[in-house]
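Next come the chains, spelled out residue by residue.
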Amino acid sequence: MKKIIAFAFLVLGSVVYANAAESKPVYKWVSANEYYMIMPTGQSLDISGGGNETVKPWGFGFRAVGHETISKTGGLQFQSIKVDNPHTGKDTFYLFDLLLGMEYMTPKVQGKPLRFTAQAYADLGLSDTTLYAAPIVSAGMLYTTNEFADTPTGFTFDIFYRLIDLDLDNVGGGKAGTLKPALGFKIGYIFEGFWTTKEKSEGN
């Protein structure tokens, strides 16, 4: 588990480093940082030998956000899912996700704080001993709190959809199960990033 989490951070770090390295002498890829909560929303879980249950995952995540109209994006998220079924008993399983993809954001317009966003991700995840990969699409709104900032900052609300089943080895009580495609909702806030747009001074 520790090796997989460390590998996830390494991959995300390499994406950020590659973008920073290729933008010399001007830092063109301006990263902001979104922190968000995944709200509990009913999803269908088929349990092996145990019928179907409606579960409500909740979680939180971190995502790097670009400042351009179309930018690379990536992040990490965690979800907790409680199951209460005669075949599993009361149990909880977890999803750890590495998200890599692209984001579209409408250009900022002075006097109009609302901006539309859309993302497409490859979700590389781990649940107990199960490794999985799934495509995710997302759309939402950013309410800009500082329209003059180089990086987007403000409140976010997104609707996302996982397009395929997740076949998991253990969804509680040692039982396998399938988490069906489902809508999800998240709310968050984008903070100004560590990098800013600037011309490098001569001699650097």
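Per chain, residue numbering runs from 1 following the sequence as it is written. At least 70 in pLDDT is required for a residue's local features to be given in this predicted model, at least 80 for side-chain atom pairs to be given and counted, and no such filter applies to totals for whole chains, interfaces and linings, which use all residues. In computing side-chain values, all of the structure's heavy atoms are included and hydrogens and water are not.

A. Fine view of the nonpolar core. As used in this record, nonpolar core signifies buried Ala, Val, Leu, Ile, Met, Phe, Trp, Tyr and Cys residues forming a set joined through side-chain atoms within 4.5 Å. Each residue is assigned to one of three classes by its accessible area relative to the maximum for its type, calculated with a 1.4 Å probe on protein chains only: buried under 20%, partly exposed between the two thresholds, exposed over 50%. Of all hydrophobic cores here, the largest spans 13 residues; its most connected members are Leu-45, Phe-93, Leu-95, Leu-166, Leu-168 and Leu-179. A run of DSSP states H or I qualifies as a helix once it reaches four residues; a run of E qualifies as a strand once it reaches two. Both are numbered from the N-terminal end. Those elements giving two or more residues to this core turn out to be strand 2 (43-47), strand 5 (70-85), strand 6 (89-105), strand 8 (130-144) and strand 10 (166-168). It only takes one pair of heavy atoms within 4.5 Å for two residues to be counted as in contact. Apart from residues no more than four positions distant in its own chain, Leu-45 is found in contact with Gly-51, Asn-52, Glu-53, Val-55, Val-83, Phe-93, Val-171, Gly-177, Thr-178 and Leu-179. The next biggest cluster of nonpolar side chains, apart from the first, holds six residues, and it includes Tyr-36, Ile-38, Tyr-121 and Phe-160.

B. Representation of the confidence of the model for the chain. Here the chain averages 83 in pLDDT, and 80% of its residues register 70 or above. Of all secondary-structure elements in the chain, the lowest mean pLDDT belongs to helix 1 (residues 2-21), at 46, while strand 9 (residues 154-162) reaches the highest, 97. This model gives residues 2-28 a pLDDT under 50, and the stretch forms 28 contacts once residues within four places in sequence are excluded. Each residue gets a pLDDT score, which is the predictor's confidence in that residue and runs from 0 to 100.

C. Seen up close, the side chain of Thr-153. By secondary structure assignment, the location of Thr-153 is in the loop between strand 8 and strand 9. The exposure class of Thr-153 is buried, given its relative accessible area of 7%. What Thr-153 contacts, discounting residues up to four positions off in sequence, is Leu-142, Tyr-143, Thr-144, Thr-145, Asn-146, Ile-190, Phe-191 and Glu-192.

D. Region of the structure containing the packing of aromatic side chains. Working definition: a ring pair exists when centres of Phe, Tyr or Trp rings (six-membered ring for Trp) sit within 6.5 Å. Plane angles under 30 degrees give stacked, over 60 give edge-to-face, the rest tilted. Tallied over the full model, the rule gives eight aromatic pairs. Seen in terms of ring centroids, Phe-157 and Phe-185 are 6.2 Å apart; in terms of plane orientation they differ by 25°. Their pairing is stacked. In this pair, Phe-157 sits in strand 9 while Phe-185 sits in strand 12 (residues 183-191), placing the two residues 28 residues apart along the sequence. A relative accessible area of 27% means that Phe-185 is categorised as partly exposed. Feature note: the residues Tyr-35, Phe-62, Phe-155, Tyr-189 and Phe-191 constitute an aromatic cluster, connected by ring pairs. Only lysine NZ and arginine CZ atoms are considered, and such an atom sits over a ring when it is within 6 Å of the ring centre and within 35 degrees of the ring normal. Stacked on the ring of Tyr-36, the Lys or Arg Lys-186 has its end atom at 4.3 Å from the ring centre.

E. Fine view of the pairing of strand 2. With burial as the criterion, only one face of strand 2 is covered, namely that bearing Gln-43, Leu-45 and Ile-47; the residues Ser-44 and Asp-46 on the opposite face remain uncovered. Note: two strands are recorded as paired if DSSP finds a minimum of 2 bridges between them. Both strand 2 and strand 3 (residues 51-55) contribute to a ladder of five bridges, which runs antiparallel. Residue pairing in the sheet places Ser-44 in a bridge with Thr-54 of strand 3. Here strand 2 folds back onto strand 3 in antiparallel fashion, the turn holding three residues, of which Gly-49 has a positive phi close to 75°. Here strand 2 pairs with strand 11 (residues 177-179) via three bridges, running antiparallel. In the strand pairing of strand 11, Ile-47 is matched with Gly-177.

F. Region of the structure containing the sheet that holds strand 10. Spatially, 3-2-11-10 is the arrangement adopted by the four strands of the open sheet, whose pairing is antiparallel. The open sheet has two free edges, formed respectively by strand 3 and strand 10, since each of these has just one partner strand. Between one strand axis and the next, the sheet turns through 25° on average, direction left out of account. Axis definition: a line fit to C-alpha positions, over the contact stretch in the case of helices; interaxial angles, taken between N-to-C directions, run 0 to 180 degrees.

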